[in-house]
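Fold and contact review
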Amino acid sequence: MGKLEEFSINEWKQIKADLESVLQELKNAIQNDPKLIIIDNAELMKIFKISARTAQRWRDLNLIGYSKISGNIFYTMQDVINLYQEYYEEPRSKVNQIIKDRK
């Protein structure tokens, strides 16, 4: 294949279809792997309903992993999941019994 002008309309349509297929595969891979989902500081604050200062405190205390690029803070969704799971508390057995008794 040579210059761009030498592609036929059908070849361009095939290229477009191939690119759309690759893009969909990438989207599926990202959705299925929390390490590939990147959020910024504002999104973290929205998810946990916290202030910028609290987000900074969590980073200072090494409660959540992050990357700083050109002054911007980024987290992987896996970082968020890890933080959540570290502080997750199972329902207490008494509460479970009350729920079972109501059924």
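Shown above is the structure to which this text applies.
Because the structure is a prediction, the values reported are computed rather than measured.

1. A few points about the overall build of the protein chain
Scanning the protein chain from N- to C-terminus turns up five helices and three strands. Counting helices and strands in the order they occur from the N terminus, the protein chain gives α-β-α-α-β-β-α-α. For 103 residues, the compact-globule estimate of 2.2 N^0.38 gives 13 Å, and the C-alpha radius of gyration of the protein chain, at 23 Å, exceeds that figure by more than 25%. Of the contacts made within the protein chain by residues no fewer than 6 positions apart, 43% connect residues no fewer than 24 positions apart. With the model as given, the accessible surface of the protein chain reaches about 8700 Å², and the carbon-plus-sulfur share is 54%. Charge separation in the protein chain, taken as the distance between the mean sites of 16 positive and 15 negative side-chain charges, equals 12 Å.

2. Here we look at the packing of aromatic side chains
Enumeration over the complete set of coordinates arrives at three aromatic pairs. Judged by centre distance (5.3 Å) and plane angle (80 degrees), the rings of Phe 48 and Trp 58 are edge-to-face. Placement of the pair is Phe 48 in helix 2 (residues 41–48) and Trp 58 in helix 3 (residues 52–60), with a sequence separation of ten residues. Cation over ring: Arg 59 sits above Tyr 66, and NZ or CZ is 5.6 Å from the ring centre.

3. Some points on the pattern of salt bridges
Pairing is possible between side chains that carry opposite charge, provided their charged atoms lie close to one another. A full pass over the atoms with the stated rule returns one salt bridge. We note a salt bridge from Lys 16 to Glu 20, for which the minimum N-O separation is 3.8 Å. Separated by four residues within a single helix, Lys 16 and Glu 20 lie in helix 1 (residues 9–32), roughly one turn from each other. The exposure class assigned to Lys 16 is exposed, which follows from its relative accessible area of 52%. Among the residues examined, Glu 20 registers a relative accessible area of 46% and is labelled partly exposed.

4. Here we look at the nonpolar core
Inside soluble globular proteins, nonpolar side chains tend to come together where they are buried. Counting residues in each nonpolar core, the largest one holds ten residues, listed as Ile 39, Leu 44, Ile 50, Ala 55, Trp 58, Ile 64, Ile 73, Tyr 75, Val 80 and Leu 83. Listing elements by their share of this core, those giving two or more residues are helix 3, strand 3 (72–76) and helix 4 (77–86). If we ignore the near neighbours within four places in the chain, the residues touching Val 80 are Ile 39, Leu 44, Phe 48 and Ile 64.

5. Here's the deal with the sheet that holds strand 2 (residues 67–69)
If you walk across this open sheet you meet the three strands as 1-3-2, and the pairing is antiparallel. Across the chains shown, the open sheet's two edge strands, defined by having one partner strand only, are strand 1 (38–40) and strand 2. Across this sheet, the average inter-strand angle for adjacent strands is 35 degrees, counted without regard to direction. By the bridge criterion, three bridges tie strand 2 to strand 3 in an arrangement that is antiparallel. For Lys 68, the partnering residue across the bridge sits in strand 3 and is Ile 73. Packed onto the sheet, helix 4 meets strand 1 and strand 3 and runs at close to 70 degrees relative to strand 3.

The rules behind these values
- Residues numbered from 1 in each chain as written.
- Predicted model: local features only at pLDDT ≥ 70, side-chain atom pairs only at ≥ 80, totals over all residues.
- Heavy atoms only, no water.
- Helix = DSSP H or I, 4+ residues; strand = E, 2+ residues; numbered from the N terminus.
- Rg over C-alpha atoms; globule rule 2.2 N^0.38 Å.
- Contact = heavy atoms within 4.5 Å.
- Areas by Shrake-Rupley, 256 points an atom, 1.4 Å probe, with all protein chains shown as cover.
- Lys, Arg positive; Asp, Glu negative; His and termini not counted.
- Charge placed at Lys NZ, Arg CZ, Asp CG, Glu CD.
- Phe/Tyr/Trp six-rings, centres within 6.5 Å; stacked < 30°, edge-to-face > 60°.
- Lys NZ or Arg CZ within 6 Å of the ring centre and 35° of its normal.
- Salt bridge = Lys/Arg side-chain N within 4 Å of Asp/Glu carboxyl O.
- Buried < 20%, exposed > 50% of the residue type's maximum accessible area, 1.4 Å probe, protein only.
- Core = buried A, V, L, I, M, F, W, Y, C linked by side-chain atoms within 4.5 Å.
- Pairing = 2+ DSSP bridges.
- Axes fitted to C-alpha atoms, helices over the stretch in contact; angles between N-to-C directions.

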